[in-house]
Amino acid sequence: MMPVLDIEGLTVDFTARMGTHHVLKNVNLRVERGEIVGLIGESGCGKSTLAMSVLDINTRNRHMSGQIRFMGEDLQKLNREKMRELRGRHIGFIPQASMNALNPLVRVKKQFIETIRAHVDMPEKEMLALSRDMLSLVSIDPERMNAFPYEFSGGQRQRLMIALSMLLSPELIIADEPTTALDAMIQLQIIDLLKNTAREKNTSLLVISHDLHTISRICDRIYIMYAGRIVETGTKEEILRSPRHPYTQKLLSSRLPLMVEPVRVKGIPGRPPSTLKVYQGCEFLERCERSFELCREKKPPECTGRARVSCHLCHVEG
Ligand SMILES: Nc1ncnc2c1ncn2[C@@H]1O[C@H](COP(=O)(O)OP(=O)(O)OP(=O)(O)O)[C@@H](O)[C@H]1O
Ligand code: NI
(Lines give C-alpha, C1' and ligand atoms only; values in the text may rest on other atoms or scores of the structure.)
(Ligands and ions follow the chains in the order given, each with its own letter.)
Protein backbone atom coordinates (compact mmCIF):
# COMPACT_ATOMS: atom_id res chain seq x y z
CA MET A 1 0.00 0.00 0.00
CA MET A 2 1.09 3.56 -0.70
CA PRO A 3 2.60 5.28 2.35
CA VAL A 4 0.63 8.22 3.74
CA LEU A 5 3.80 10.27 4.08
CA ASP A 6 7.00 9.58 2.19
CA ILE A 7 9.95 11.91 2.69
CA GLU A 8 13.02 11.32 0.58
CA GLY A 9 16.35 13.11 0.81
CA LEU A 10 14.85 16.13 2.54
CA THR A 11 17.45 18.84 3.05
CA VAL A 12 16.55 22.19 4.59
CA ASP A 13 18.81 25.22 5.02
CA PHE A 14 17.98 28.65 6.37
CA THR A 15 19.99 31.65 5.34
CA ALA A 16 20.62 34.07 8.15
CA ARG A 17 22.94 36.97 8.75
CA MET A 18 25.55 34.73 10.34
CA GLY A 19 25.57 32.34 7.44
CA THR A 20 23.66 29.27 6.34
CA HIS A 21 22.06 27.05 8.93
CA HIS A 22 22.05 23.44 7.80
CA VAL A 23 19.04 22.13 9.68
CA LEU A 24 17.87 18.98 7.88
CA LYS A 25 20.29 16.77 6.01
CA ASN A 26 19.11 14.15 3.59
CA VAL A 27 16.26 12.87 5.71
CA ASN A 28 14.30 9.77 4.67
CA LEU A 29 11.14 9.08 6.62
CA ARG A 30 7.95 7.19 5.94
CA VAL A 31 4.60 6.85 7.64
CA GLU A 32 2.41 3.98 6.46
CA ARG A 33 -1.37 3.90 6.58
CA GLY A 34 -2.61 3.65 10.17
CA GLU A 35 0.90 3.64 11.57
CA ILE A 36 2.14 5.54 14.63
CA VAL A 37 5.66 6.78 14.03
CA GLY A 38 7.89 8.60 16.50
CA LEU A 39 10.52 11.18 15.58
CA ILE A 40 12.87 11.58 18.53
CA GLY A 41 15.88 13.77 19.18
CA GLU A 42 17.35 16.49 21.36
CA SER A 43 16.23 20.08 21.33
CA GLY A 44 17.32 21.90 18.19
CA CYS A 45 18.01 18.79 16.08
CA GLY A 46 15.40 19.77 13.47
CA LYS A 47 12.20 17.93 14.44
CA SER A 48 9.84 20.90 14.20
CA THR A 49 11.53 21.98 10.99
CA LEU A 50 10.62 18.62 9.49
CA ALA A 51 7.00 19.00 10.60
CA MET A 52 6.80 22.53 9.23
CA SER A 53 8.37 21.48 5.94
CA VAL A 54 5.60 18.94 5.45
CA LEU A 55 2.98 21.58 6.22
CA ASP A 56 4.85 24.18 4.19
CA ILE A 57 4.99 26.74 6.97
CA ASN A 58 8.00 28.71 8.30
CA THR A 59 9.20 29.17 4.74
CA ARG A 60 11.04 32.46 5.24
CA ASN A 61 14.70 32.22 4.17
CA ARG A 62 14.18 28.50 3.73
CA HIS A 63 15.86 26.46 1.02
CA MET A 64 14.56 23.00 0.59
CA SER A 65 15.46 20.05 -1.58
CA GLY A 66 14.32 16.47 -1.72
CA GLN A 67 10.83 15.12 -1.97
CA ILE A 68 7.79 15.06 0.27
CA ARG A 69 4.91 12.93 -0.94
CA PHE A 70 1.57 12.83 0.82
CA MET A 71 -0.79 10.09 -0.36
CA GLY A 72 1.43 9.77 -3.40
CA GLU A 73 1.26 13.44 -4.28
CA ASP A 74 4.41 15.57 -4.50
CA LEU A 75 3.73 18.45 -2.11
CA GLN A 76 6.15 20.83 -3.78
CA LYS A 77 4.03 20.69 -6.91
CA LEU A 78 0.87 21.86 -5.12
CA ASN A 79 -0.17 25.49 -5.30
CA ARG A 80 -0.96 27.51 -2.18
CA GLU A 81 -4.67 26.93 -2.44
CA LYS A 82 -4.27 23.15 -2.58
CA MET A 83 -1.74 23.25 0.22
CA ARG A 84 -4.17 25.14 2.44
CA GLU A 85 -6.83 22.57 1.66
CA LEU A 86 -4.44 19.81 2.65
CA ARG A 87 -3.54 21.40 5.98
CA GLY A 88 -6.30 20.96 8.48
CA ARG A 89 -8.43 18.73 6.32
CA HIS A 90 -6.04 15.97 5.32
CA ILE A 91 -3.08 16.66 7.59
CA GLY A 92 -3.93 17.60 11.16
CA PHE A 93 -1.27 19.51 13.05
CA ILE A 94 -0.86 19.76 16.78
CA PRO A 95 1.87 22.39 17.02
CA GLN A 96 4.48 22.61 19.73
CA ALA A 97 3.15 24.36 22.88
CA SER A 98 -0.28 23.94 21.38
CA MET A 99 -2.18 23.99 24.63
CA ASN A 100 -1.78 27.71 24.17
CA ALA A 101 -2.70 27.62 20.50
CA LEU A 102 -6.43 27.96 21.09
CA ASN A 103 -7.69 31.51 21.12
CA PRO A 104 -8.44 32.06 24.84
CA LEU A 105 -11.19 34.57 24.13
CA VAL A 106 -13.21 32.53 21.67
CA ARG A 107 -15.60 29.86 22.91
CA VAL A 108 -14.57 26.27 22.15
CA LYS A 109 -17.72 25.72 20.13
CA LYS A 110 -16.95 28.60 17.82
CA GLN A 111 -13.36 27.48 17.25
CA PHE A 112 -14.52 23.98 16.36
CA ILE A 113 -17.26 25.19 14.02
CA GLU A 114 -14.91 27.61 12.28
CA THR A 115 -12.37 24.88 11.73
CA ILE A 116 -14.98 22.71 10.04
CA ARG A 117 -16.44 25.57 8.05
CA ALA A 118 -13.03 26.51 6.67
CA HIS A 119 -12.87 23.15 4.90
CA VAL A 120 -16.26 21.61 4.35
CA ASP A 121 -19.77 22.70 3.57
CA MET A 122 -22.06 21.22 6.19
CA PRO A 123 -25.26 22.31 8.00
CA GLU A 124 -24.57 23.88 11.39
CA LYS A 125 -26.44 21.09 13.16
CA GLU A 126 -24.10 18.49 11.72
CA MET A 127 -21.08 20.59 12.58
CA LEU A 128 -22.25 20.70 16.16
CA ALA A 129 -22.91 16.97 16.27
CA LEU A 130 -19.44 16.27 14.88
CA SER A 131 -17.85 18.58 17.44
CA ARG A 132 -19.73 16.92 20.28
CA ASP A 133 -18.64 13.46 19.10
CA MET A 134 -15.01 14.51 18.96
CA LEU A 135 -15.18 16.04 22.43
CA SER A 136 -16.66 12.82 23.83
CA LEU A 137 -13.92 10.86 22.12
CA VAL A 138 -11.29 12.83 24.05
CA SER A 139 -13.33 12.56 27.26
CA ILE A 140 -14.40 16.16 27.48
CA ASP A 141 -18.01 16.74 28.36
CA PRO A 142 -19.68 18.11 25.19
CA GLU A 143 -21.79 20.31 27.45
CA ARG A 144 -18.66 22.38 28.00
CA MET A 145 -18.58 23.49 24.37
CA ASN A 146 -19.71 26.93 25.36
CA ALA A 147 -16.80 27.46 27.68
CA PHE A 148 -13.69 29.49 26.91
CA PRO A 149 -10.30 27.73 26.59
CA TYR A 150 -9.00 29.42 29.74
CA GLU A 151 -11.68 27.59 31.72
CA PHE A 152 -9.89 24.30 30.99
CA SER A 153 -6.72 22.89 32.53
CA GLY A 154 -3.53 22.51 30.46
CA GLY A 155 -4.16 18.80 29.99
CA GLN A 156 -7.76 19.46 28.95
CA ARG A 157 -6.63 22.11 26.46
CA GLN A 158 -4.28 19.55 25.00
CA ARG A 159 -7.27 17.19 24.64
CA LEU A 160 -9.17 19.98 22.93
CA MET A 161 -6.29 20.39 20.48
CA ILE A 162 -6.30 16.68 19.73
CA ALA A 163 -10.06 16.79 19.13
CA LEU A 164 -9.68 19.85 16.94
CA SER A 165 -6.92 18.30 14.84
CA MET A 166 -9.02 15.17 14.27
CA LEU A 167 -12.33 16.89 13.48
CA LEU A 168 -12.15 16.37 9.75
CA SER A 169 -10.72 12.85 9.95
CA PRO A 170 -7.36 13.67 8.37
CA GLU A 171 -5.26 10.84 6.98
CA LEU A 172 -2.27 12.05 8.98
CA ILE A 173 -1.80 13.89 12.26
CA ILE A 174 1.52 15.49 13.11
CA ALA A 175 1.82 16.08 16.85
CA ASP A 176 4.84 18.17 17.84
CA GLU A 177 5.80 17.60 21.49
CA PRO A 178 2.20 16.91 22.52
CA THR A 179 3.03 16.27 26.15
CA THR A 180 5.75 18.73 27.05
CA ALA A 181 4.81 21.07 29.90
CA LEU A 182 2.38 18.55 31.37
CA ASP A 183 3.09 16.55 34.50
CA ALA A 184 4.04 12.89 34.20
CA MET A 185 0.61 11.38 34.88
CA ILE A 186 -1.15 13.67 32.41
CA GLN A 187 1.60 13.04 29.83
CA LEU A 188 0.77 9.36 29.84
CA GLN A 189 -2.96 10.05 29.58
CA ILE A 190 -2.48 12.39 26.65
CA ILE A 191 -0.26 10.09 24.62
CA ASP A 192 -2.54 7.12 25.26
CA LEU A 193 -5.44 9.29 24.16
CA LEU A 194 -3.57 10.26 20.99
CA LYS A 195 -2.93 6.63 20.25
CA ASN A 196 -6.48 5.49 20.93
CA THR A 197 -8.03 8.30 18.93
CA ALA A 198 -5.69 7.67 16.02
CA ARG A 199 -6.42 3.94 16.06
CA GLU A 200 -10.16 4.55 16.38
CA LYS A 201 -10.21 6.81 13.34
CA ASN A 202 -7.54 4.85 11.46
CA THR A 203 -5.40 7.97 11.27
CA SER A 204 -1.65 7.79 10.80
CA LEU A 205 0.29 9.64 13.44
CA LEU A 206 3.73 11.23 13.36
CA VAL A 207 4.57 12.13 16.91
CA ILE A 208 7.57 14.30 17.67
CA SER A 209 9.37 14.39 20.99
CA HIS A 210 12.71 14.71 22.74
CA ASP A 211 11.52 12.07 25.20
CA LEU A 212 12.14 8.58 23.85
CA HIS A 213 10.98 6.89 27.03
CA THR A 214 7.53 8.44 27.14
CA ILE A 215 6.68 8.52 23.45
CA SER A 216 7.99 5.10 22.48
CA ARG A 217 5.15 3.35 24.31
CA ILE A 218 2.64 4.31 21.63
CA CYS A 219 4.87 3.99 18.54
CA ASP A 220 4.99 1.23 15.97
CA ARG A 221 8.21 2.57 14.51
CA ILE A 222 10.74 5.17 15.59
CA TYR A 223 13.20 7.50 13.87
CA ILE A 224 16.07 8.89 15.91
CA MET A 225 17.32 12.26 14.72
CA TYR A 226 20.66 13.83 15.56
CA ALA A 227 21.90 17.18 14.20
CA GLY A 228 19.42 17.12 11.32
CA ARG A 229 20.02 13.54 10.27
CA ILE A 230 18.21 10.31 10.90
CA VAL A 231 20.83 8.25 12.69
CA GLU A 232 18.72 5.20 13.45
CA THR A 233 15.33 3.80 12.63
CA GLY A 234 13.48 0.64 13.49
CA THR A 235 10.42 -0.83 15.09
CA LYS A 236 9.81 0.15 18.67
CA GLU A 237 11.13 -3.22 19.80
CA GLU A 238 14.32 -2.89 17.76
CA ILE A 239 15.04 0.57 19.09
CA LEU A 240 14.25 -0.21 22.71
CA ARG A 241 15.73 -3.70 22.92
CA SER A 242 18.69 -3.50 20.60
CA PRO A 243 19.65 0.10 19.87
CA ARG A 244 22.71 0.15 17.63
CA HIS A 245 23.71 3.78 17.25
CA PRO A 246 25.75 5.08 20.21
CA TYR A 247 23.41 8.09 20.35
CA THR A 248 20.30 5.93 20.67
CA GLN A 249 22.04 3.89 23.32
CA LYS A 250 22.79 7.05 25.25
CA LEU A 251 19.26 8.36 24.85
CA LEU A 252 17.96 5.12 26.31
CA SER A 253 20.28 5.10 29.27
CA SER A 254 20.04 8.83 29.92
CA ARG A 255 16.97 8.56 32.07
CA LEU A 256 15.26 5.97 34.14
CA PRO A 257 11.91 4.89 32.80
CA LEU A 258 8.99 7.08 33.66
CA MET A 259 7.16 6.37 36.91
CA VAL A 260 10.31 5.32 38.70
CA GLU A 261 10.78 7.97 41.33
CA PRO A 262 12.81 10.01 41.76
CA VAL A 263 13.38 10.57 38.06
CA ARG A 264 17.09 10.97 37.49
CA VAL A 265 17.98 13.16 34.57
CA LYS A 266 21.53 12.68 33.40
CA GLY A 267 21.31 13.94 29.87
CA ILE A 268 24.03 13.18 27.39
CA PRO A 269 27.30 14.97 28.01
CA GLY A 270 28.49 17.42 25.37
CA ARG A 271 26.58 19.58 22.96
CA PRO A 272 25.25 18.99 19.47
CA PRO A 273 27.30 20.48 16.62
CA SER A 274 26.60 23.92 15.18
CA THR A 275 24.07 24.17 12.38
CA LEU A 276 26.39 26.69 10.72
CA LYS A 277 29.24 24.24 10.21
CA VAL A 278 29.61 21.57 7.59
CA TYR A 279 31.24 18.43 8.91
CA GLN A 280 33.29 16.05 6.88
CA GLY A 281 32.77 13.07 9.16
CA CYS A 282 30.15 11.89 11.62
CA GLU A 283 28.36 14.67 13.46
CA PHE A 284 28.14 12.69 16.68
CA LEU A 285 31.92 12.19 16.77
CA GLU A 286 32.71 14.64 19.58
CA ARG A 287 30.25 13.03 21.96
CA CYS A 288 30.88 9.44 21.03
CA GLU A 289 33.04 7.25 23.23
CA ARG A 290 33.48 4.66 20.55
CA SER A 291 34.57 6.77 17.61
CA PHE A 292 37.56 5.76 15.51
CA GLU A 293 39.53 7.18 12.59
CA LEU A 294 36.97 6.60 9.89
CA CYS A 295 34.37 8.60 11.84
CA ARG A 296 36.45 11.75 11.43
CA GLU A 297 37.18 11.18 7.76
CA LYS A 298 33.94 10.06 6.27
CA LYS A 299 30.20 10.38 6.78
CA PRO A 300 28.52 7.15 7.81
CA PRO A 301 26.01 5.76 5.29
CA GLU A 302 22.55 7.33 5.45
CA CYS A 303 19.55 5.59 6.91
CA THR A 304 17.40 4.44 4.05
CA GLY A 305 14.60 1.93 3.81
CA ARG A 306 17.15 -0.87 4.07
CA ALA A 307 19.96 0.52 6.21
CA ARG A 308 18.55 1.22 9.62
CA VAL A 309 21.53 2.80 11.30
CA SER A 310 23.92 5.54 10.24
CA CYS A 311 27.13 4.67 12.07
CA HIS A 312 30.49 3.37 10.86
CA LEU A 313 30.78 1.16 13.90
CA CYS A 314 27.64 -0.77 13.08
CA HIS A 315 28.60 -1.17 9.45
CA VAL A 316 32.03 -2.47 10.46
CA GLU A 317 30.49 -4.84 12.99
CA GLY A 318 27.88 -5.81 10.42
N1 LIG B 1 13.72 30.33 10.12
C2 LIG B 1 14.86 29.91 10.64
N3 LIG B 1 16.02 30.56 10.44
C4 LIG B 1 17.19 30.12 10.96
N5 LIG B 1 17.31 29.02 11.71
C6 LIG B 1 16.18 28.32 11.95
C7 LIG B 1 14.90 28.73 11.45
N8 LIG B 1 13.97 27.83 11.87
C9 LIG B 1 14.66 26.92 12.61
N10 LIG B 1 15.97 27.22 12.67
C11 LIG B 1 17.04 26.47 13.37
O12 LIG B 1 16.91 25.11 13.08
C13 LIG B 1 17.35 24.32 14.17
C14 LIG B 1 16.30 23.27 14.46
O15 LIG B 1 15.15 23.87 15.01
P16 LIG B 1 13.84 23.02 15.29
O17 LIG B 1 12.83 23.92 15.88
O18 LIG B 1 13.46 22.27 14.08
O19 LIG B 1 14.38 21.99 16.39
P20 LIG B 1 13.57 20.97 17.30
O21 LIG B 1 14.25 19.65 17.13
O22 LIG B 1 12.13 21.03 16.99
O23 LIG B 1 13.88 21.52 18.77
P24 LIG B 1 12.93 21.56 20.07
O25 LIG B 1 12.93 20.16 20.63
O26 LIG B 1 13.64 22.52 20.97
O27 LIG B 1 11.58 22.02 19.65
C28 LIG B 1 17.61 25.28 15.32
O29 LIG B 1 19.00 25.48 15.42
C30 LIG B 1 16.90 26.54 14.88
O31 LIG B 1 17.53 27.68 15.39
NI1 NI C 1 10.50 21.60 18.10
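Computed from a predicted model, the values in this text were never measured in an experiment.

**A short note on the coordination of the nickel ion (ligand 2)**
In ideal tetrahedral geometry, four donors around a metal make angles of 109.5 degrees, whereas ideal octahedral geometry with six donors gives angles of 90 or 180 degrees. Binding of the nickel ion (ligand 2) to the protein goes through Ser48 (OG) and Gln96 (OE1), at separations of 2.0 to 2.2 Å. Given 4 donor atoms and angles of 82 to 169 degrees at the metal, the environment of the nickel ion (ligand 2) is assigned as square planar. In this pair, serine 48 sits in helix α1 (residues 47–55) while glutamine 96 sits in the loop between β6 (91–94) and α3 (108–117), placing the two residues 48 residues apart along the sequence.

**Re the site of ligand 1**
Near ligand 1 lie 14 residues; those nearest to it are Ser43, Gly44, Ser48, Thr49 and Gln96. Measuring from an oxygen atom of ligand 1, one finds a side-chain N or O atom of serine 43 at 2.6 Å. Across the complex, the protein chains shield 70% of the 640 Å² of accessible surface that ligand 1 would expose by itself. In terms of residues, the shell around ligand 1 owes the most to one element, α1, which gives 3 residues.

**Quick look at helix α6 (residues 184–201)**
Look at α6: 26 Å from first C-alpha to last across 18 residues, which is about the 26 Å you get at 1.5 Å a residue. Turning to α6, the residues buried within the fold contact β6, α4 (124–137), α5 (154–166), β7 (172–176), β8 (204–209) and α7 (212–215). Positive backbone phi, approximately 55 degrees, marks asparagine 202, located one or two places after α6.

**Things to note about the sheet that holds strand β5 (residues 73–74)**
Across the sheet, 4 strands lie side by side as β2-β1-β4-β5; this open sheet has antiparallel pairing. Edge positions in the open sheet fall to β2 (19–31) and β5, since each of these has one partner strand only. Here 9 bridges tie strand β1 (residues 5–16) to β2, and the two strands are oriented antiparallel to one another. Of the residues in β2, the one forming a bridge with leucine 5 is valine 31. Packed on one face of the sheet, α1 meets β1, β2 and β4 (62–70) and runs near 110 degrees to β1.

**Structural notes on the nonpolar core**
Grouped together as the largest cluster of nonpolar side chains are 56 residues, with contacts concentrated most on Leu205 and Ile224. Those residues in contact with isoleucine 224, other than ones at most four positions away along the chain, are Ile40, Leu212, Arg229, Ile230, Val231, Glu232, Ile239, Tyr247, Thr248 and Leu251. If you look at the next biggest cluster of nonpolar residues, it comprises 33 residues, including Leu24, Val27, Val31 and Leu78.

**Concerning the sheet that holds strand β10 (residues 229–235)**
Hydrogen bonds between backbone groups are what pair the strands of a sheet, and the pairing can be parallel or antiparallel. Reading across the sheet, the 6 strands line up as β6-β7-β8-β3-β9-β10 and stay open at both edges, with mixed pairing between neighbours. Edge strands, defined here as strands with exactly one partner in the open sheet, are β6 and β10. Within this sheet the neighbouring strands show an average axis-to-axis angle of 15 degrees, counted without direction. As defined by bridge partners, strand β9 (residues 221–226) adjoins β10 across 6 bridges and the pair is classed as antiparallel. Across the sheet, arginine 221 pairs through a bridge with threonine 235, a residue of β10. The sheet contacts of α5 involve β6 and β7, and relative to β6 the element is tilted by about 165 degrees.

**Considering the pattern of salt bridges**
Inspection of every chain in the model, using the stated rule, returns 21 salt bridges. Between lysine 25 and glutamate 283 there is a salt bridge, and its shortest N-O distance comes to 3.0 Å. Taken together, the positions of lysine 25 in strand β2 and glutamate 283 in the loop between α9 (246–253) and α10 (293–297) put the pair 258 residues apart, joining distant regions of the chain. With respect to class, lysine 25 is no different from glutamate 283; both count as buried. The residue arginine 132 makes a salt bridge to glutamate 143 at a minimum N-O spacing of 2.7 Å. With a gap of 11 residues between them, arginine 132 in helix α4 and glutamate 143 in the loop between α4 and α5 connect regions that are remote in the sequence. Among the ionic contacts, a cluster of salt bridges with common partners joins Asp6, Glu8, Arg30, Glu32 and Arg69.

**Topic: the UniProt feature "domain: ABC transporter" (unreviewed entry) in the protein**
If you check UniProt for "domain: ABC transporter" (unreviewed entry), the listed places come out as residues 7–252 in our numbering. Helix makes up 37% of residues 7–252 and strand 27%, with an end-to-end C-alpha separation of 26 Å.

**Notes on the packing of aromatic side chains**
Inspection of the entire model under this criterion finds 4 aromatic pairs. Their ring planes at 55 degrees and their centres at 4.7 Å tell us that tyrosine 226 and tyrosine 247 sit as a pair that is tilted. Note that tyrosine 226 is positioned in strand β9 and tyrosine 247 in helix α9, a separation of 21 residues in sequence. For the pair tyrosine 226 and tyrosine 247, a shared accessibility class is recorded, and that class is buried. With 5.4 Å between their ring centres and 65 degrees between their planes, tyrosine 247 and phenylalanine 284 make a pair best called edge-to-face. Placement of the pair is tyrosine 247 in helix α9 and phenylalanine 284 in the loop between α9 and α10, with a sequence separation of 37 residues. With relative accessibility at 2%, the residue phenylalanine 284 sits in the buried group. If you follow arginine 144 out to its NZ or CZ, it ends over the ring of phenylalanine 152, 4.1 Å from the centre.

Cut-offs applied
Residues numbered from 1 in each chain as written. Chains lettered and ligands numbered in written order. Predicted model: local features only at pLDDT ≥ 70, side-chain atom pairs only at ≥ 80, totals over all residues. Heavy atoms only, no water. Donors = N, O, S within 2.8 Å, 3.2 Å for Na, K, Ca; no water. Tetrahedral: all angles 85-135°; square planar, octahedral: opposite > 155°, others 65-115°. Helix = DSSP H or I, 4+ residues; strand = E, 2+ residues; numbered from the N terminus. Near = heavy atom within 4 Å. Polar contact = N/O pair within 3.5 Å; in protein donor to acceptor, adjacent residues only side chain to side chain. Areas by Shrake-Rupley, 256 points an atom, 1.4 Å probe, with all protein chains shown as cover. Expected span 1.5 Å × (residues − 1). Contact = heavy atoms within 4.5 Å. Pairing = 2+ DSSP bridges. Axes fitted to C-alpha atoms, helices over the stretch in contact; angles between N-to-C directions. Core = buried A, V, L, I, M, F, W, Y, C linked by side-chain atoms within 4.5 Å. Buried < 20%, exposed > 50% of the residue type's maximum accessible area, 1.4 Å probe, protein only. Salt bridge = Lys/Arg side-chain N within 4 Å of Asp/Glu carboxyl O. UniProt positions renumbered as here; feature names shortened; annotations may be inferred. Phe/Tyr/Trp six-rings, centres within 6.5 Å; stacked < 30°, edge-to-face > 60°. Lys NZ or Arg CZ within 6 Å of the ring centre and 35° of its normal.

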